[in-house]
Amino acid sequence: MELPSVFAPFKRDPTFYPSPRMAMKSPPEDLAYVACLYTGTGINRPDFIAVVDVKPESETYSKVIHKVELPYINDELHHFGWNACSSALCPNGRPNFERRFLVVPGLRSSRIYIIDTKLNPRQPNIVKTIEPEEVKKVTGYSRLHTVHCGPDGVYISALGNENGEGPGGILMLDHYSFEPLGKWEIDRGDQYLAYDFWWNLPNEVMVTSEWAVPITIENGLRLEHLKDRYGNRMHFWDLRRRKKVSSVTLGEENRMALELRPLHDPTKLMGFINMVVSLKDLSSSIWLWYYEDGKWNAEKVIEIPAEPIEGSLPEILKPFKAVPPLVTDIDLSLDDKFLYVSLWGIGEIRQYDVSNPFKPVLTGKVKLGGIFHRADHPSDHKLTGAPQMIEISRDGKRVYVTNSLYSTWDNQFYPEGLKGWMVKLNANPDGGLNVDKEFFVDFGEARSHQVRLRGGDASSDSYCYP
């Protein structure tokens, strides 16, 4: 039966799905947008967003088909996200929005670019630039990091205040104009350090993590700062009241509480977070956070030890005679079955079955680059650096990996030079990983970081229905 004409003007964005279960049945991605940077390489050129063809049937498969060149140098592109996503279908969402614009902040510059992907997805263009002075004046924040499309606006985390100190936090952009609105927090309590954030929308819970303030990290890692300048807590907030309600310390000996991956099933108040390094033995760990008996808890569910080594080491690691795993990113498949873990020091991607989130089981791993493995791509391309950023397709069958962490830290841990690359892993639905020999993207002297898949991916969308 044909709908009355009153319904004709509105058509829901077909990339929005009420539930992760439905999103897994969406069409496969055809394009990837990749943050690439010259910041920190010694090359005086602006960073760019690369458009990569990821459709296997295409003549330009695994090729950079376009670059969105930015107008300034030293932005340090890092994480970025969409203006709108499946959260628009939440009861308090705005379903008339569409996934059209990439919101791209500079981590070092605090500048924000709005990039339109609709008119020509293969050749998107910048349509608005929000200067750092405006961001700082309105919000008091700088050094912008994670972008999430909320049902009521665009949220961006910031590592510090306008002077590069603390506290860091979250700012909001207007959904329509992208103008900064101000600080998100009303009552932050003792929260000072910031990094990542995510949420459980139906339960109105925000979760945030800790790295360090900008003046601590920007000129590189100093070992003497690890003990008292890097974070090891996560914070839980009342999303509606914008108030911190609880904090959990993730081991007194651990530092750098980074990526938050809540379960996509909105009925489950739990998720994973990675701790980069232990002051005790250089190990990395994954913790499960969860709500039980009226309070927030966290427990270590994975521990990955450092690897002793007799060979050459970068200067920063020579005192230890070992390579720490440096788990710097994690990502969770939409069915909440597999957790992917990057070991940026050792040079691995690991896949864990987390069907029982309290007892993860290692089901696959591949070796790529690394200080320890120094493994090349199966196509014989040399890999500098190691797996860092991870992005998973919505159906869970493909995993995209890039290799840059942060410019000054890249230079410390990979002083021989780090050239940007992107690889694809094929994931077995029953467990197991292999490197796709036919897919390799070489970004040359530019370094590669966040990947966003056109139509959505495992870390871009939030859902309000199971």
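Quick caveat: nothing in here was measured; it's all calculated off a predicted structure.

What counts as what
- Residues numbered from 1 in each chain as written.
- Predicted model: local features only at pLDDT ≥ 70, side-chain atom pairs only at ≥ 80, totals over all residues.
- Heavy atoms only, no water.
- Disulfide = S-S within 2.5 Å.
- Helix = DSSP H or I, 4+ residues; strand = E, 2+ residues; numbered from the N terminus.
- Buried < 20%, exposed > 50% of the residue type's maximum accessible area, 1.4 Å probe, protein only.
- Pairing = 2+ DSSP bridges.
- Axes fitted to C-alpha atoms, helices over the stretch in contact; angles between N-to-C directions.
- Phe/Tyr/Trp six-rings, centres within 6.5 Å; stacked < 30°, edge-to-face > 60°.
- pLDDT = per-residue confidence, 0-100.
- Contact = heavy atoms within 4.5 Å.
- Salt bridge = Lys/Arg side-chain N within 4 Å of Asp/Glu carboxyl O.
- Arc of directions from axis to C-beta.

Asker: Even after reading the chapter, I still don't get the state of the cysteines, so can you show me in this structure?
Answerer: The term disulfide refers to a covalent linkage connecting the sulfur atoms of a pair of cysteines. All chains considered together, the criterion is met by 2 disulfides. The disulfide that involves Cys85 links it to Cys149, with 2.3 Å between the sulfurs. Residues Cys85 and Cys149 are joined by a disulfide whose S-S torsion is about 115°; by sign, that bridge is right-handed. Placement of the pair is Cys85 in the loop between strand S4 (81–82) and strand S5 (101–105) and Cys149 in strand S8 (residues 141–149), with a sequence separation of 64 residues. Neither residue differs from the other here; Cys85 and Cys149 are each classed as buried. Between the sulfur of Cys90 and that of Cys464 lies a disulfide, 2.0 Å long from S to S. Taking the torsion about the sulfur-sulfur bond, which here is approximately 90°, the covalent link between Cys90 and Cys464 counts as right-handed.

Asker: Would you mind showing me how to read the sheet that holds strand S18 (residues 284–292) here?
Answerer: One key point about sheets: their strands pair by backbone hydrogen bonds, in either a parallel or an antiparallel sense. The antiparallel open sheet is built from 4 strands, whose spatial order is S16-S17-S18-S19. Here the strands that pair on one side only, and so sit at the sheet edges, are strand S16 (254–262) and strand S19 (295–304). Adjacent strand axes in the sheet meet at a mean angle of 25°, parallel and antiparallel pairs treated alike. Pairing of S18 with S19 involves 9 bridges; the strand directions are antiparallel. Each bridged residue has a counterpart across the sheet, and for Tyr290 the counterpart in S19 is Asn297.

Asker: Help me understand unusual backbone geometry in this model?
Answerer: Leaving glycine out, the prevailing phi sign among residues is negative, and the prevailing peptide bond configuration is trans. Of the consecutive residues Gly166 and Pro167, the connecting peptide bond is found in the cis state with omega at 0°. Mapped onto the secondary structure, Pro167 falls in the loop between strand S9 (154–161) and strand S10 (169–173). A positive phi angle, close to 60°, is found at Arg143, a residue other than glycine. By the element assignment, Arg143 lies in strand S8.

Asker: I tried to follow the packing of aromatic side chains on my own but got confused; where do I start?
Answerer: One pair of aromatic rings is described through two measures. These are the centre distance and the angle between the planes. Summed over all chains, the structure comprises 21 aromatic pairs. Judged by centre distance (5.9 Å) and plane angle (50°), the rings of Tyr38 and Phe48 are tilted. Of this pair, Tyr38 sits in the loop between strand S1 (31–37) and strand S2 (48–53) while Phe48 sits in strand S2, and the two are 10 residues apart along the sequence. Comparing Tyr38 with Phe48 shows no difference in burial state: the two are buried.

Asker: Explain the confidence of the model for the chain to me, please; I cannot follow it from the model alone.
Answerer: Interpretation of this model should avoid reading the predicted coordinates in detail wherever pLDDT is low. When pLDDT is averaged along the chain, the result is 96; 98% of the residues meet or exceed 70. This stretch, residues 1–5, has a pLDDT under 50; its non-local contacts, to residues over four places away or in other chains, come to 0 contacts.

Asker: Just to check I follow, could you spell out the side chain of Gln450 for this structure?
Answerer: Positionally, Gln450 belongs in strand S30 (residues 447–453). Among all residues touching Gln450, those that are not within four sequence positions of it are Tyr33, Val34, Ala35, His78, His79, Phe80, Met389 and Glu391.

Asker: Honestly, the pattern of salt bridges in this entry has me stumped. Any pointers?
Answerer: Think of it this way: side chains of opposite charge can pair up when their charged atoms draw near. Tallied over the entire structure, the rule returns 33 salt bridges. Across the salt bridge formed by Asp238 and Arg241, the nearest N and O atoms sit 3.8 Å from each other. Judged by relative accessible area, Arg241 falls into the partly exposed class, the value being 49%. Each of Glu98, Arg100, Asp116 and Lys118 takes part in one network of salt bridges that share partners.

Asker: Where do I start with helix H2 (residues 132–139) in this structure?
Answerer: Think of an α-helix as turning once every 3.6 residues; residues three or four places apart then point the same way. Along H2, the positions that sit buried rather than exposed are Pro132, Val135 and Thr139. Taken end-on, H2 shows its buried residues confined to a sector of 65°, consistent with a single buried face. Every exposed residue of H2 that faces more than 90 degrees away from the buried side is listed here: Glu133 and Lys137. Positioned one or two residues after H2, Gly140 has a phi angle of 75°, which is positive.

Asker: For this particular structure, what's the right way to read the sheet that holds strand S25 (residues 361–367)?
Answerer: Sheet architecture is open: 4 strands sit in the order S22-S23-S24-S25, paired in antiparallel fashion. Sheet topology places strand S22 (327–332) and S25 at the edges, where each strand pairs with a single neighbour. The sheet shows a mean angle of 20° between the axes of neighbouring strands, taken without regard to direction. Relative to strand S23 (residues 338–343), S22 is paired through 5 bridges, and the arrangement is antiparallel. Of the residues in S23, the one forming a bridge with Val327 is Leu343.

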